[in-house]
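Spelled out, the chains give:
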Amino acid sequence: ANPTNFVDPTVEIPPLLVAIIVAAIVGAVIGAIGAGVNGAKTWDEWLLWIVGGAIGGVLSVLAWYGILVWLGVSAAAAAIAATAITLGASILGLFTPLLDESNSSVAWAFSWAIKLIKSPVMTILGLFVVAGFAIAGKKVDFRRGALFVEVGSGGGGLTLGAIVYTQSSNFNADGSVNDDYARHEAYHTRTVAALGEFGFYVTYITFGSLFAWAQGGPWNALDSNGCGN
């Protein structure tokens with residue numbers, strides 16, 4: 001045989017593929033840990049945390065990889081850096097329950113910063129919304145690692161990123177947000193902190209809503225103990 005025609009059977013695995021596999025596995029593990037430290041109570045919620053962690057890890061790695069390659073970083077270095085950024089921020093997100101449950105405004109600020117890193121789009125866009133409502137004279141409060149803004153009458157709320165769009169009856173007369181309500185909504189911000197913006201919204205809007213429909217309830221249903229949603 002002609003040695004010049006020898007083909008090396010060894011196939012090198014692309015760095016990005018390795019990063020994706022690692023992000024999916026470790027993201028799922030972080031999702032499970034996040035469910036535990038945040039007190040998830042039902043099997044489907046645990047499943048969504050785990051699936052969301054895997055999806056969030058992969059999508060975050062792809063996003064950071066694309067940004068770094070666009071900036072001129074080599075493929076191998078970009079894959080390593082994207083994985084480190086994604087998983088490092090996710091691990092930090094596991095500490096947000098401890099920070100939120102403290103009575104320290106400094107701890108809440110650190111928690112909010114982690115949530116900003118994990119959900120930059122919804123949080124940064126939300127800051128413009130908060131500024132607009134504040135200028136219009138609406139109530140704004142910062143509590144339990146989340147920023148609350150008054151958006152109308154009623155008793156509901158919607159959490160996007162680290163911003164909670166809060167109806168007026170959840171605010172006290174002095175302008176502060178009700179602490180029980182703050183603790184409930186802070187849970188949602190911590191889900192984003194553990195799973196990441198991509199993992200949370202992709203998983204809960206798709207798989208989460210399908211689970212709720214299959215169980216015969218609306219996607220945002222709560223039981224008497226506050227479980228669900």
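Above this text sits the structure in question.
For clarity, every value in this text was computed on a predicted model and none was experimentally measured.

S.K.: Can you tell me about a nonpolar patch on the surface, naming the residues and giving the values?
M.R.: A surface patch of nonpolar side chains, amounting to about 730 Å² of accessible area, comprises Ile13, Leu17, Val18, Ile21, Val22, Ile25, Val29, Ile33 and Val37. Here Val29 shows up in helix H1 (residues 15-38).

S.K.: Tell me what's going on with the packing of aromatic side chains, and back it up with residues and numbers.
M.R.: Taken as a whole, this structure holds 3 aromatic pairs when the rule is applied. Residues Trp49 and Tyr187 carry aromatic rings whose centres are separated by 6.2 Å and whose planes lie at 70 degrees to one another, so their mutual orientation is edge-to-face. On the criterion of sequence distance, the pair formed by Trp49 in helix H2 (residues 43-70) and Tyr187 in helix H7 (residues 179-214) is long-range, its members being 138 residues apart. Side by side, Trp49 and Tyr187 carry an identical accessibility label, which is buried.

S.K.: Let's hear about the nonpolar core: which residues, and what values?
M.R.: Within soluble globular proteins, side chains that are nonpolar generally end up buried alongside one another. If you look at the biggest cluster of nonpolar residues, it comprises 11 residues: Ala35, Ala40, Leu48, Trp49, Tyr187, Val192, Ala194, Leu195, Phe200, Tyr201 and Tyr204. Sorting the residues of this core by element identifies H2 and H7 as the ones contributing at least two each. In terms of residue count, H7 provides more of this core than any other element does, 7 residues in total. Beyond its immediate stretch of four places on either side in the chain, Tyr187 contacts Asn38, Ala40, Glu45 and Trp49. Counting 8 residues, the second-largest nonpolar core is a separate cluster that includes Ala19, Ala23, Val61 and Ala82.

Cut-off values and rules
- Residues numbered from 1 in each chain as written.
- Predicted model: local features only at pLDDT ≥ 70, side-chain atom pairs only at ≥ 80, totals over all residues.
- Heavy atoms only, no water.
- Patch = residues over 30% accessible without salt bridge, like charges linked within 9 Å, V, L, I, M, F, W, Y side chains within 5 Å.
- Areas by Shrake-Rupley, 256 points an atom, 1.4 Å probe, with all protein chains shown as cover.
- Salt bridge = Lys/Arg side-chain N within 4 Å of Asp/Glu carboxyl O.
- Helix = DSSP H or I, 4+ residues; strand = E, 2+ residues; numbered from the N terminus.
- Phe/Tyr/Trp six-rings, centres within 6.5 Å; stacked < 30°, edge-to-face > 60°.
- Buried < 20%, exposed > 50% of the residue type's maximum accessible area, 1.4 Å probe, protein only.
- Core = buried A, V, L, I, M, F, W, Y, C linked by side-chain atoms within 4.5 Å.
- Contact = heavy atoms within 4.5 Å.

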